[in-house]
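Given next are the chains, with one letter for each unit.
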Amino acid sequence: MITLPAIFGLLLGCHYRPKQNAGTALKWRAVYKNDQHGNALAGNKTDLVRAIRSGSTLKVGWGWQKDDKSMEHLSEPIWHLVLNDEEVIVHLDPQVLSYTVWDSLSANYVDSSLLDLEWRVVLSTKGEFDAVWYNRRDHKVAKRMPQRHIMTWYVQQDHFDHEPVPLYSTDPY
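Residues numbered from 1 in each chain as written. Predicted model: local features only at pLDDT ≥ 70, side-chain atom pairs only at ≥ 80, totals over all residues. Heavy atoms only, no water.

K.L.:
If you had to explain the sheet that holds strand β6 (residues 87-91) to someone new, which residues and values would you point to?
P.N.:
Strand pairing within a sheet occurs via backbone hydrogen bonds; the two strands may be parallel or antiparallel. Reading across from one edge, β5-β6-β9-β10-β11 is the order of the five strands in this open sheet, with antiparallel pairing throughout. One side of each edge strand has no neighbouring strand; the edge strands of this open sheet are β5 (79-83) and β11 (140-148). The average angle at which neighbouring strand axes cross in this sheet is 15 degrees, direction not considered. As paired elements, strand β9 (residues 117-124) and strand β10 (residues 128-135) share seven bridges and run antiparallel to each other. In the sheet register, Val-121 faces β10, and the bridge partner there is Ala-131. The sheet contacts of helix α2 (residues 45-53) involve β5 and β6, and relative to β6 the element is tilted by about 55 degrees. (Pairing = 2+ DSSP bridges. Helix = DSSP H or I, 4+ residues; strand = E, 2+ residues; numbered from the N terminus. Axes fitted to C-alpha atoms, helices over the stretch in contact; angles between N-to-C directions. Contact = heavy atoms within 4.5 Å.)

Next comes the structure, spelled out in structure tokens:
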């Protein structure tokens, strides 16, 4: 006969996830930062390219400040591109954006017309940031807004086990 404590123990065992040792957890670290014109502010693109070739998880952060308002973004790209071993281009996951209420510093979907618009972005280590608002209902670009931003590029990897080779190379990884 199965008792209630036995069932509880069985369920607990199925859902138990031991805590990861804090010493072994991979931490995010900034490896490169560019200004809005693509000039290096910190780190170098070589380390960023090496991390991408090693399969590291990548995040990119950017933001802006104007008068008394500022906004910062951090996103994990869904697609990475390395051009001529020197520039990195990434695409972000398309998003349905909310309306920002500056008076209360909150966001909402009160304006339901925004739900038809999907925000798509491509960013580069040259400081380029090209955003489009794509109307999913009529399949047309509703707005395009090329910009330039300071960007910080993060990777989640503590070290490289070997020197990564270009992804197009026939050399072993």
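K.L.:
For the environment of Lys-33, give the residues involved together with the corresponding values.
P.N.:
Relative to the elements of secondary structure, Lys-33 occurs in strand β1 (residues 28-34). Judged by its relative accessible area of 31%, Lys-33 falls in the partly exposed class. Remark: the alpha-carbon pair of Lys-33 and Leu-48, spanning 15 residues in sequence, is separated by 10.0 Å. Dropping the residues within four chain positions of it, Lys-33 is found in contact with Asn-39, Ala-40, Leu-41, Ala-42, Ile-150, Met-151 and Thr-152. (Buried < 20%, exposed > 50% of the residue type's maximum accessible area, 1.4 Å probe, protein only.)

K.L.:
Pulling in residues and values, what's your account of the side chain of Thr-125?
P.N.:
Here Thr-125 is to be found in the loop between β9 and β10. Thr-125 sits in the buried class, given a relative accessible area of 0%. Engagement of the side chain of Thr-125 in a polar contact is seen with the side chain of Glu-87, the distance being 2.6 Å. With sequence-adjacent residues up to four places away left out, Thr-125 is seen in contact with Tyr-32, Asn-34, Gly-38, Lys-45, Leu-48, Glu-86, Glu-87, Val-88 and Trp-153. (Polar contact = N/O pair within 3.5 Å; in protein donor to acceptor, adjacent residues only side chain to side chain.)

K.L.:
Just give me the short version of the pairing of strand β4 (residues 69-75), but keep the residues and values in it.
P.N.:
Where strand β3 (residues 57-66) meets β4, seven bridges bridge the pair, whose relative direction is antiparallel. The partner of Gly-63 across the bridge, within β4, is Glu-72.

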